[in-house]
Structures are given as C-alpha cells and as structure tokens.
Amino acid sequence: MTTTEAQNQDEAAVQAVVKGVHNAWTAGDPDAFVAEYAENASAVLPGSYMKSRADIQGTMGFLFNGPLKGTQATDKVLDTRFLNDDTAIVITETGVLIPGESTAPPERTVFATWVLAKNDGKWQIAAYCNSPTVGPGANQ
C-alpha cells in the first residue's frame, strides 16, 4: 500500500467515526454516540465541560430523552488534517434539525473541532469542542 493510499484510508476512517456519531444522534442512542470516544475523552460545549466518555454518555442520554429528543444532526466536514500518523483533527459544521426541518437555522449550527487518536489501529475521539456559528467574530 502506498503512503497516499494509507492516508486516504485514514481520512475515510476518521470521517466515518464523525459520521457514526451523527448517525447515533439521529437514532437518539447515547451508547452508540460514545462508542467511538476514548475512555478519557473530553467534550467542551458552550457552558459545559465533560471529562470522560461516561460523562459524555450521561449528558447525551439526558439530552436525547429531553431537549434533543427527536432531533437530527447534520454533518458537513470542512477540513481534515493529520498532525502525525496517529493524530487527526476534523473541523465540521453541524446543525441540529428538529422534526420536519431540512436545514438548521444559524442559531442551531456550530463549528466543531474533533481530535482523534489512533489506538491499537482504531481511530477514537480524544476531544471534541464546538462553538456557535453566529456571534462575535463568527465566520459565516
């Protein structure tokens, strides 16, 4: 396998992890949502800091059964880059769709940074952070 083929496979694998998280959101499944998170993964959202996969799972379980029940997450990869063979950064634009919507309004759209690390040949999410796409300094 050439270096380019390996890089393409890693890029596809990393993007598949992100897509899997969004698919789990659509299913409202907090267990599937965190399946690709490392045990010690962290997540930062406006007003919230979770410092383990268990924290993330608990928060998402609450949200999927409450304020986010029945919602879907859109998924647009803006950038994927590799810091080395075992570390990747993915930038996405993600919108939250309520039932009946096909496009998320700006107030329910975020830019997200995903840090993934390869552990025993498998890509896992090590850290996640998002920021609203609207507000001071936002790039529309």
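Further up the page is the structure itself.
Residues numbered from 1 in each chain as written. Predicted model: local features only at pLDDT ≥ 70, side-chain atom pairs only at ≥ 80, totals over all residues. Heavy atoms only, no water.

With that settled, consider the side chain of N130. If you trace the backbone, N130 turns up in strand β7 (residues 122–132). Judged by its relative accessible area of 12%, N130 is buried. Polar contacts involving the side chain of N130 include one to the side chain of Y128, which spans 3.1 Å. Not counting residues within four places of it along the chain, the set of residues in contact with N130 comprises V44, L45, P46, V110, F111 and A112. (Helix = DSSP H or I, 4+ residues; strand = E, 2+ residues; numbered from the N terminus. Buried < 20%, exposed > 50% of the residue type's maximum accessible area, 1.4 Å probe, protein only. Polar contact = N/O pair within 3.5 Å; in protein donor to acceptor, adjacent residues only side chain to side chain. Contact = heavy atoms within 4.5 Å.)

Looking now at helix α3 (residues 53–64). When the terminal C-alpha atoms of α3 are compared, their 16 Å separation across 12 residues agrees well with the 16 Å that a helix rising 1.5 Å per residue should span. For α3, every residue scored as buried is listed here: I56, M60, G61 and F64. Mapping the buried residues of α3 onto a view down its axis gives an arc of 130 degrees, with all of them on the same face. Facing away from the buried side of α3 by over 90 degrees, the exposed positions are A54 and F62. (Expected span 1.5 Å × (residues − 1). Arc of directions from axis to C-beta.)

Attention shifts here to the environment of P106. Looking at the secondary structure, you find P106 in the loop between β5 (87–97) and β6 (109–119). A C-alpha to C-alpha distance of 6.5 Å links P106 and T133, two positions 27 residues apart in sequence.

Attention now moves to the pairing of β5. Taking burial as the measure, the 11 residues of β5 include 10 buried ones, the bulk of the element. Looking at chain direction, strand β4 (residues 76–84) and β5 are connected through seven bridges and run antiparallel. Pairing of T80 across the sheet is with V90, part of β5. (Pairing = 2+ DSSP bridges.)

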